[in-house]
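# Coordinate analysis (summary)
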Amino acid sequence: MCSIALVDDRDTILASHTLILELHGMSNTRAYTDPRELINDMRNGFRPDIVVTDFYMPGMNGVELLQSITALYGHIPAVIVSGYPDGIHEMGDFASHYPIICKGHPDFYKDLFRFIEPVAKKSAEVHSEEKKPLQHLG
């Protein structure tokens, strides 16, 4: 099952994202109001298949979060969401490696699922392979 880390400093946004994901069969989500909480969970062994992060947050923005995760654990698929996407491009080349979705856009969830679904499919394939019994060599 695909594990999704949701990061946004507003509880109401996290609750909405979590509900929509659960309604679409993606119930393995962890929600964080502080990006550093996700990093701490990752230090304790959690490895999300994808990170969905807000950009503007106090203390650490979404791009800084993804830079920290990449430095510590390598690349993890991610989507940056923001109500003000223009400022993200000012973060330089690193931000251009991730899709950016505008909060409040009529197709927001459609766009979000366009990025999550391939990761979920790949995760399901990997977990399916892990559950196959070992074949005996003859």
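Refer to the preceding data block for the structure.
All of the points below concern the structure found in this document. Bear in mind the structure is a predicted one, so any value in this text is a computation, not a measurement.

What follows concerns the pairing of strand 3 (residues 50-54). With respect to burial, strand 3 is a largely interior element, five of its five residues being buried. Both faces of strand 3 are covered, namely the face carrying I50, V52 and D54 and the face carrying V51 and T53. As paired strands, strand 1 (residues 4-7) and strand 3 are joined by four bridges and run parallel to one another. When the bridges of strand 3 are listed, A5 appears paired with V51. One ladder, built from four bridges, connects strand 3 with strand 4 (residues 78-82); its direction is parallel. Residue pairing in the sheet places V51 in a bridge with A78 of strand 4.

Another point: the sheet that holds strand 3. Pairing between the strands of a sheet is mediated by backbone hydrogen bonds and can be parallel or antiparallel. Overall, parallel pairing links the five strands, which are arranged 2-1-3-4-5 in an open sheet. Edge strands, defined here as strands with exactly one partner in the open sheet, are strand 2 (29-32) and strand 5 (100-102). Recorded for the sheet is a direction-independent mean angle of 20° between the axes of neighbouring strands. The sheet strands contacting helix 2 (residues 35-43) are strand 1, strand 2 and strand 3, and the helix crosses strand 2 at an angle near 135°. Lying over the sheet, helix 3 (residues 62-73) contacts strand 1, strand 3 and strand 4, oriented at roughly 150° with respect to strand 3.

Applying the stated criterion across every chain, the model contains five salt bridges. Between D54 and K103 there is a salt bridge whose closest N-O contact spans 3.2 Å. Of this pair, D54 sits in strand 3 while K103 sits in the loop between strand 5 and helix 4 (108-131), and the two are 49 residues apart along the sequence. We note that D54, like K103, is buried. For R114, the salt bridge identified is with D111, shortest N-O distance 3.6 Å. Residue R114 and its partner D111 are located together in helix 4, separated by three residues, close to a single helical turn. Three or more residues are tied together by salt bridges with common partners; here these are D8, D54 and K103.

On to the packing of helix 2 against helix 3, then. At a closest axis distance of 10 Å, the pairing of helix 2 and helix 3 adopts a crossing angle of 15°. Judged by the inter-axis angle, helix 2 sits roughly parallel to helix 3. The interaxial crossing formed by helix 2 with helix 3 has right-handed handedness. Across the interface between the two elements, P35, L38, I39, M42 and R43 of helix 2 pack against L65, S68, I69, L72 and Y73 of helix 3. Here the contact of helix 2 with helix 3 is built from residues that sort into eight nonpolar, one polar and one charged.

Below, the discussion takes up helix 1 (residues 11-23). Because each turn of an α-helix spans 3.6 residues, side chains separated by three or four positions end up pointing in the same direction. Compared with an ideal rise of 1.5 Å per residue, which puts 13 residues at 18 Å, helix 1 spans 18 Å between its outermost C-alpha atoms and is within 8% of the ideal. Following helix 1 by one or two positions, G25 has its phi on the positive side, about 80°.

So, about the nonpolar core. Formed by 19 residues in total, the largest nonpolar core has its most connected members in V7, L38, V51, L65 and I69. Those elements that provide at least two residues to this core are strand 1, helix 2, helix 3 and strand 4. Non-local contacts of L65, meaning those with residues more than four positions away in its chain, are made with V7, P35, L38, I39, V51, T53 and M60. I4, L14, L112 and I116 belong to the second-largest nonpolar core, a separate cluster that totals 17 residues.

How each quantity is defined
- Every chain is numbered on its own, with residues counted from 1 as its sequence reads.
- Only residues with pLDDT of at least 70 get local features here, since the model is predicted, and only at 80 or more are side-chain atom pairs given and counted; chain-wide, interface and lining totals rely on the full set of residues.
- Each side-chain value is worked out from all heavy atoms of the structure, with water and hydrogens disregarded.
- Exposure is judged per residue with a 1.4 Å probe applied to protein chains only, and the accessible area is read against the type maximum: over 50% gives exposed, under 20% gives buried, and values in between give partly exposed.
- Runs of E in the DSSP output that reach at least two residues are strands. Runs of H or I that reach at least four are helices, and both are numbered from the N terminus.
- By definition, two strands form a pair when at least two bridges between them are found by DSSP.
- Lines are fitted to the C-alpha atoms to define the axes, a helix being fitted only along its stretch in contact, and any angle between axes, read from their N-to-C directions, falls within 0 to 180 degrees.
- Contacts are assigned to residue pairs with any non-hydrogen atoms lying within 4.5 Å of each other.
- Basic side-chain nitrogens of Lys or Arg form a salt bridge, by our definition, when they fall within 4 Å of a carboxyl oxygen of Asp or Glu.
- Angle categories are assigned with fixed cut-offs, so that under 35 degrees is roughly parallel, over 145 is roughly antiparallel, 65 to 115 is roughly perpendicular, and the rest are oblique.
- By the definition used in this description, the sense in which the near helix is turned from the far one sets the handedness, with an anticlockwise turn below a right angle giving left-handed and a clockwise turn giving right-handed.
- Each residue is assigned to one class: nonpolar for Ala, Val, Leu, Ile, Met, Phe, Trp, Tyr, Cys and Pro, charged for Asp, Glu, Lys and Arg, and polar for all the others, Gly among them.
- Expected span of a helix: the number of residues minus one, times 1.5 Å.
- Definition used in this section: a nonpolar core is a set of buried Ala, Val, Leu, Ile, Met, Phe, Trp, Tyr and Cys residues joined via side-chain atoms within 4.5 Å.

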